[in-house]
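Notes for the structure review
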Amino acid sequence: MATKTFKELIVWQKAHAFVLKVYSFSESFPKSELYGLTSQFRRAAVSIAANIAEGYVKKSPADKLRFFNISQGSLEECSYYIILSKDLNYITEEQLVVLNQLLGETERILNTYITRIQASNS
């Protein structure tokens, strides 16, 4: 049975779980980072899930792939923000592991989804 809504996609569910963790963990970032790292990290995290949702409803494979590629870019951006947050001692080692695990799962599923779309159009 095909999915009826983006909310049924495991990749979106993983991306959304990542967003929730980013929001939770970044609550404790210094207030001086509110318009810096906190804002950028949250924006990039939301972009992953939002572009998956938007790409899901696109009819043409090229349109779908464009939005999923934007998600990939935001995913890489978040990968850097995790490193930066840890290096600045804004997150703990345990939080780093949680974020990297969720981001890695999202990346693997998204890459598989993209590969399948590309293969079905070759």
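For the structure, see preceding data.
The shown structure was predicted, so the numbers you read here are calculated from the model rather than taken from an experiment.

**Focus: the pattern of salt bridges**
By the definition in use, this model includes 4 salt bridges. Of the charged contacts in the structure, one is a salt bridge between Glu105 and Lys14, with a shortest N-O distance of 2.9 Å. Of the two residues, Glu105 sits in helix H4 (residues 93–120) while Lys14 sits in helix H1 (residues 10–26), which places them 91 residues apart along the sequence. Its salt-bridge partner being Arg43, residue Glu77 comes within 2.5 Å of it at the nearest N-O pair. A residue pair is termed long-range when its members are at least 10 positions apart, and Glu77 in helix H3 (residues 61–87) and Arg43 in helix H2 (residues 37–56) qualify at 34 residues. On the basis of relative accessible area, Arg43 is assigned to the partly exposed category, the value being 40%.

How each quantity is defined
- Residues numbered from 1 in each chain as written.
- Predicted model: local features only at pLDDT ≥ 70, side-chain atom pairs only at ≥ 80, totals over all residues.
- Heavy atoms only, no water.
- Salt bridge = Lys/Arg side-chain N within 4 Å of Asp/Glu carboxyl O.
- Helix = DSSP H or I, 4+ residues; strand = E, 2+ residues; numbered from the N terminus.
- Buried < 20%, exposed > 50% of the residue type's maximum accessible area, 1.4 Å probe, protein only.

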